[in-house]
Structure formats: structure tokens, C-alpha cells
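What the coordinates show
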Amino acid sequence: MALIAACAEKLRRRLAGNPTTVGLLPTPTDVQAASALLAELWEVTRRHGYDPREWEAVADLPGACLALVLSAPDETEPARAD
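All figures in this text were calculated on a predicted structure; none of them were measured in a lab.

1. Quick look at the layout of surface pockets
Approximately 190 Å³ is the volume found for the second largest pocket. What lines the second largest pocket is simply Leu3, Ala6, Cys7, Lys10, Leu11, Arg14, Asp60, Gly63, Leu66, Ala67 and Leu70. Breaking the lining of the second largest pocket down by element, the ones donating at least two residues are helix H1 (2–15) and helix H3 (61–71). Here the lining of the second largest pocket takes six residues from H1, the largest share from any one element. Of the residues belonging to the lining of the second largest pocket, the class tally is seven nonpolar, one polar and three charged.

The following block contains the structure:
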């Protein structure tokens, strides 16, 4: 959870002070969801014979997990009819 929390704090600092981005700030629930996703991805990584630290060389996996959670549609908003 510490890696995701660090990503969330970095994002908060980057978005702080901009009123148009307040809704983009990660909540504790977002951090928990991203941490759970990261833990599962690490477990899959281990099952495939890799060390989860190997991700650092190719991708920001904690940041990607947080971005994915934050990009999910808000369940409180009505669905759009496209």
C-alpha cells in the first residue's frame, strides 16, 4: 500500500490548488482499490516466475494501478446514451 500511497501523494501535490482537478484527487478508497490490484498483479508475476521488482525496469505498475482505478467511471453518474 505504501507504493500506491506515494503515487497518490505525488498526484495530489501535482493537482493541488487547481479547482478543476479536485474531483481527480485519489481518495482513501481509491488507494485501497489500487493497492489490491497491485497485490494481485504482483502475485500473478510471481506465479510466472518473475520477481515483482522487475516491473520497475519496464513500467510504473503502482502508478498504472492508481491511474486505472481513477479512470473508472463514477458509479454515481448516470450512464450516457451514446
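2. Overview of the pattern of salt bridges
Under the definition given, this model contains two salt bridges. As a salt-bridge pair, Arg46 and Glu43 come within 3.6 Å of each other at their nearest N and O atoms. Of this pair, Arg46 and Glu43 both sit in helix H2 (residues 28–47), three residues apart, roughly one helical turn. Looking at Glu43, the relative accessible area reads 37%, which means it is partly exposed. Between Asp51 and Arg53 there is a salt bridge, with the nearest N and O atoms lying 2.6 Å from each other. Classification of Asp51 as partly exposed rests on a relative accessible area of 28%.

The rules behind each value
- Residues numbered from 1 in each chain as written.
- Predicted model: local features only at pLDDT ≥ 70, side-chain atom pairs only at ≥ 80, totals over all residues.
- Heavy atoms only, no water.
- 1 Å grid on protein atoms, 1.4 Å probe; cavity = no way out; pocket = protein on both sides within 12 Å on 5 of 7 lines; lining within 4 Å.
- Points joined across faces, edges and corners; volume = space filled by probe spheres on them.
- Helix = DSSP H or I, 4+ residues; strand = E, 2+ residues; numbered from the N terminus.
- Nonpolar A, V, L, I, M, F, W, Y, C, P; charged D, E, K, R; others polar.
- Salt bridge = Lys/Arg side-chain N within 4 Å of Asp/Glu carboxyl O.
- Buried < 20%, exposed > 50% of the residue type's maximum accessible area, 1.4 Å probe, protein only.

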